[in-house]
Amino acid sequence: MRQLDRELGMHAAISRRDFISGVALAAGGSLLTASPFACASQLPPDYYPPLLTALRGSHPGAFEVAHALRDGKVFGSAEDLEETYDLVIVGGGISGLSAAYFYRKQYDPQARILILDNHDDFGGHAKRNEFWQDGRMYLRNGGTLNVEAPSQYSTVASGLLAELGIDRTRYYQGIAPVKNRYQELGLQRGTFFDQQTFGRNFLAVGVGDKPVAEVFRDAPLSQKARDDLQRITDSPRDYLPGLTPVERRERLSRISYRDFLVEMAGCEPEVARLFDPEVMGLFAVGTDAIPASYACEMGYFPGFGAMEIAPLPESQLVGEPGGQHGRENEERANRGDPDLYFPDGNATITRLLVRSLIPGSIPGSSMEDVVTARADYSRLDDPAQYIRIRLNSTVINVRHEDSSTVAVTYVNEGASCRVRARSAVLACWHSVIPYICPELPAEQKAALGDGVKSPVVYTSVLLSNWRPFVAAGVSNISAPGSYHGNVGLGTSLRMGDYESGQDPDQPNLIGMSRFPCQPGLSRREQHRIGRNDLFNTTFETFERNIRAQLNDTLSPYGFDAGRDILAITVNRWPHGYTYSYNPLFDPEEWAFTTTDARPCVKARQPFGRLAIANADAAASPHTDAAINEAYRAVMELGR
Ligand SMILES: Cc1cc2nc3c(=O)[nH]c(=O)nc-3n(C[C@H](O)[C@H](O)[C@H](O)COP(=O)(O)OP(=O)(O)OC[C@H]3O[C@@H](n4cnc5c(N)ncnc54)[C@H](O)[C@@H]3O)c2cc1C
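Residues numbered from 1 in each chain as written. Predicted model: local features only at pLDDT ≥ 70, side-chain atom pairs only at ≥ 80, totals over all residues. Heavy atoms only, no water.

**Observations concerning the overall build of the protein chain**
Then, number 1: Across its full length, the protein chain holds 25 helices and 19 strands.
Then, number 2: Taken over C-alpha atoms, the radius of gyration comes to 24 Å for the protein chain, in line with the 26 Å a tight globule of 639 residues would show.
Then, number 3: Once the C-alpha set of the protein chain is aligned to its principal axes, its extents read approximately 75 × 60 × 50 Å.
Then, number 4: In the protein chain, the 64 positive side-chain charges and the 78 negative ones have mean positions that sit 1 Å from each other. (Helix = DSSP H or I, 4+ residues; strand = E, 2+ residues; numbered from the N terminus. Rg over C-alpha atoms; globule rule 2.2 N^0.38 Å. Lys, Arg positive; Asp, Glu negative; His and termini not counted. Charge placed at Lys NZ, Arg CZ, Asp CG, Glu CD.)

**Thoughts on the site of the ligand**
Then, number 1: The environment of the ligand is made up of 34 residues, and the closest members are Asp 117, Asn 118, His 125, Trp 429 and Thr 623.
Then, number 2: Here Asp 117 contributes a side-chain N or O atom positioned 2.7 Å from an oxygen atom of the ligand.
Then, number 3: Between the ligand and Trp 429 there is a distance of 2.6 Å, counted from an oxygen atom to a side-chain nitrogen or oxygen.
Then, number 4: For the ligand, the accessible surface in isolation is 980 Å², of which the surrounding protein chains cover 98%.
Then, number 5: For the shell around the ligand, the secondary structure elements donating two or more residues are α3 (94-106), β9 (393-402), β12 (456-463) and α25 (623-637).
Then, number 6: Looking at the shell around the ligand, the element that brings in the most residues is β9, giving three residues. (Near = heavy atom within 4 Å. Polar contact = N/O pair within 3.5 Å; in protein donor to acceptor, adjacent residues only side chain to side chain. Areas by Shrake-Rupley, 256 points an atom, 1.4 Å probe, with all protein chains shown as cover.)

**Concerning the side chain of Ser 492**
Then, number 1: By the secondary structure assignment, Ser 492 is in the loop between β14 (486-489) and β15 (494-495).
Then, number 2: Classification of Ser 492 as buried rests on a relative accessible area of 4%.
Then, number 3: Reaching out from Ser 492, the side chain makes a polar contact with the backbone oxygen of Val 178 at a distance of 2.6 Å.
Then, number 4: With residues near it in sequence (within four places) discarded, Ser 492 still touches Val 178, Lys 179, Arg 181, Tyr 182, Ser 500 and Gln 502. (Buried < 20%, exposed > 50% of the residue type's maximum accessible area, 1.4 Å probe, protein only. Contact = heavy atoms within 4.5 Å.)

**Notes on helix α10 (residues 245-253)**
Then, number 1: Regarding α10, the residues found buried are Arg 248, Arg 249, Leu 252 and Ser 253. All buried residues of α10 lie within an arc of 135 degrees about the axis, which places them on one face of the element.
Then, number 2: Of the surrounding secondary structure, the elements contacted by the buried residues of α10 are α11 (257-264), α13 (292-298) and α23 (588-592). (Arc of directions from axis to C-beta.)

**As for the nonpolar core**
Then, number 1: Within the largest apolar cluster, 70 residues are counted, with the highest numbers of intra-cluster contacts made by Ile 89, Ile 113, Ile 115, Tyr 171, Tyr 377 and Val 425.
Then, number 2: Ignoring anything within four residues of it in the chain, the contact list for Tyr 377 reads Leu 43, Tyr 47, Tyr 48, Pro 49, Pro 50, Asp 121, Phe 122 and Leu 391.
Then, number 3: Counting 52 residues, the second-largest nonpolar core is a separate cluster that includes Phe 202, Leu 252, Met 264 and Cys 296. (Core = buried A, V, L, I, M, F, W, Y, C linked by side-chain atoms within 4.5 Å.)

**Points about the environment of Arg 632**
Then, number 1: Along the chain, Arg 632 falls in helix α25.
Then, number 2: Judged by relative accessible area, which is 17%, Arg 632 ranks as buried.
Then, number 3: A sequence separation of 177 residues divides Arg 632 from Pro 455, and the C-alpha atoms of the two residues are 27 Å apart.

**Observations concerning the sheet that holds strand β13 (residues 474-478)**
Then, number 1: If you trace the eight strands from one edge of the open sheet to the other, you get β1-β18-β12-β17-β14-β13-β6-β7, paired in mixed fashion. One side of each edge strand has no neighbouring strand; the edge strands of this open sheet are β1 (54-57) and β7 (202-207). Within the sheet, the average angular offset between the axes of one strand and its neighbour, ignoring direction, is 25 degrees.
Then, number 2: Both β14 and strand β17 (residues 508-514) contribute to a ladder of four bridges, which runs antiparallel. Bridging across to β17, Val 487 finds its partner in Met 512.
Then, number 3: This element, helix α21 (residues 539-554), spans β1, β6 (188-193), β7, β12, β13, β14, β17 and β18 (565-573) of the sheet and lies at about 120 degrees to β18. (Pairing = 2+ DSSP bridges. Axes fitted to C-alpha atoms, helices over the stretch in contact; angles between N-to-C directions.)

**Observations regarding the packing of α3 against helix α4 (residues 155-163)**
Then, number 1: Where α3 contacts α4, the two axes come as close as 12 Å, and the packing angle between them is 85 degrees. It follows that α3 is roughly perpendicular to α4 by the angle criterion. On α4, the residues that touch Ser 98, Tyr 101, Phe 102 and Lys 105 of α3 are Val 156, Leu 160 and Glu 163.
Then, number 2: Class assignment for the residues of the contact of α3 with α4 results in four nonpolar, one polar and two charged. (Parallel < 35°, antiparallel > 145°, perpendicular 65-115°, else oblique. Nonpolar A, V, L, I, M, F, W, Y, C, P; charged D, E, K, R; others polar.)

**Quick word on the pattern of salt bridges**
Then, number 1: Enumeration according to the criterion identifies 38 salt bridges in this entry.
Then, number 2: Among the ionic pairs, Glu 163 bridges to Lys 105, the shortest N-O distance being 2.6 Å. With Glu 163 in helix α4 and Lys 105 in helix α3, the pair connects residues that are 58 residues apart, well separated along the chain.
Then, number 3: Exposure remark for Lys 105: the relative accessible area of 52% places this residue in the exposed category.
Then, number 4: Arg 528 is the partner of Glu 525 in a salt bridge, and the nearest nitrogen-oxygen pair spans 3.1 Å. Of this pair, Glu 525 and Arg 528 both sit in helix α20 (residues 523-535), separated by three residues, roughly a single helical turn.
Then, number 5: Overall, the relative accessible area of 33% leaves Glu 525 in the partly exposed class.
Then, number 6: Classification of Arg 528 as partly exposed rests on a relative accessible area of 37%.
Then, number 7: One continuous salt-bridge network, built from bridges that share partners, spans Glu 83, Asp 381, Arg 388 and Arg 390. (Salt bridge = Lys/Arg side-chain N within 4 Å of Asp/Glu carboxyl O.)

**Points about the packing of α11 against helix α12 (residues 269-283)**
Then, number 1: In the contact formed by α11 and α12, the axes pass within 9 Å of each other and the chain directions differ by 155 degrees. Between α11 and α12, the angle is such that the two are roughly antiparallel. Between α11 and α12 lies a crossing of right-handed hand. Contacts between α11 and α12 involve Tyr 257, Arg 258, Leu 261 and Val 262 on the former and, on the latter, Pro 269, Ala 272 and Phe 275.
Then, number 2: Per-class residue counts for the contact of α11 with α12 are six nonpolar, no polar and one charged. (Left-handed = near helix turned anticlockwise from the far one by under 90°.)

**Quick look at the packing of aromatic side chains**
Then, number 1: Per the counting criterion, the structure on display carries 27 aromatic pairs.
Then, number 2: Pairing Tyr 47 with Tyr 377 gives two aromatic rings, centres 5.6 Å apart and planes at 55 degrees, and the pair type is tilted. Linking Tyr 47 in the loop between α1 (5-8) and β1 with Tyr 377 in the loop between α16 (369-372) and β8 (387-390), this pair joins segments that are 330 residues apart in sequence.
Then, number 3: Here Phe 193 and Phe 198 contribute two aromatic rings whose centre-to-centre distance is 5.0 Å and whose plane-to-plane angle is 80 degrees, an arrangement assigned as edge-to-face. Of the two residues, Phe 193 and Phe 198, neither departs from the other in class, the shared state being buried. (Phe/Tyr/Trp six-rings, centres within 6.5 Å; stacked < 30°, edge-to-face > 60°.)

So, in structure tokens, the structure goes:
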């Protein structure tokens, strides 16, 4: 039954701030008309976007100029700021910030560098959500989550993290006392079956810990689905008899995991649906749009136990950025140190980068003290510094004026402004580059437009207490039919002065993730549809769904959305994960080798005094890709 807004607490006084004093960040066309703050520069001292709640990520004000450019808007003549730099970088994500770091290190410690980004905060996808309650700070990632498979990081990427002060041994020692907090309380994984999809609300607890038959005994699934689930988990068969291990692998790369489960293993479609949330967390599409071989390589999806399946040859993809995500054997990809997760995710990396690039911008000197340090945004665009970061600035044109000068035009608060540089690194999303850089060859523009980034939503919700999770016995809930496919308590952490919520009767942050898509279509098409869905969804709709889902799932355990929710931040990323190749929709060669035939290689070729970075240049949605590509781009520029 649909819950009333009153029951959901839709009008409760929670934090829904989306405005910083002094700088208008409100939605709409205002960003396309000039304001008195135009073109510049120093932000007011109370400017602190990590505190903003409601719609973040691709927030109102971040995308209107770029979309207008895409739609053919002609911007008025630009004011020449008569600023000249050694390097202008388009995009202030991990790749853009790393490019500044490498350029300074490689070529000139006094290089003058300007970084332009369209968002109101630096970091690109690696953003920080900061909440305060009763004088205490609560942190969560607003996008990029963790350093995955750090032992696989290249010398360049791991070297950068080490130079920034990230000490893996100290990290693991620091979190050790609290990292098993939820397990110590007996909390396990759960699956929530919602009434609208499955006929009644039901929370199954103990997924992965207890026998499948026990966990799902009372779940609203058909008897056949329950039996199928148990069969493929406990006693799978060889569904591809007579094939060699290599032939099996090839066959499983040409069939989706859903079709493998339903058509080869004879399962009910409901069974495949149960795995969608987890698959989406990795690939931003469900079981219908990833090959069965990816599920097999991940190592923990059921159905493959009785078949000998050849892994990818050692030489291919090993050490390529980003854990494995189905492209190489789980054991091989995850050998070495476990993932690192900082309290604000990989915003810690961006903040350490900014601290290094702009002295005085973020106080302190260690990876521990950066966690609670308050960044001084008024220092980011300081003419006295060698390196400057200019926020709220969407680049609309990059072109060579002559063989030694690049002119970069951007829109800030509605005004067009122009700066010059000896070189530029385009560390922004590849789909944007053809619009801002018309002089590129047509073939390169086509390659830049090949990948479609995945729409992703990471929602942070601050709760007054998390006792209902303890009462239910869950720390993480997969929800195959619900608005957010995953709900989980924030990672239990301690770093320096910071500690995540440890007492179930005190506040804690939870994360909820959503991957809008349209099963049955190609992966690219699903991403396009999901992206439109995100752009057209209001915060009110998100909020209502968040409240209803949490009530449905946890009210039997004492949760009340109207009483227990203190703040909500919806980090919406319509252009989220980099598109990675997939043998269901792309040539196998692109997915399983590092061939130069891949569009990402054609897309990232340097052009004159321009070099192209971003994780998109590696077709890999990972932090190490962003760093590696920054290094390559900087090396291509030369001095
Ligand atoms: C929700 C989410 C979670 C993720 N989680 C992980 C994870 O856990 N681990 C991991 O390794 N990777 C993760 N990733 C992948 C992530 O994309 C990379 O880790 C990395 O942060 C990408 O950095 P980047 O600098 O290449 O791109 P971005 O971070 O996207 O930065 C590019 C910047 O350029 C800006 N830009 C675009 N056009 C213009 C323009 N015209 N003018 C000015 N600026 C422009 C963009 O707005 C953006 O701010 C995640 C991604 C998302 C979206």
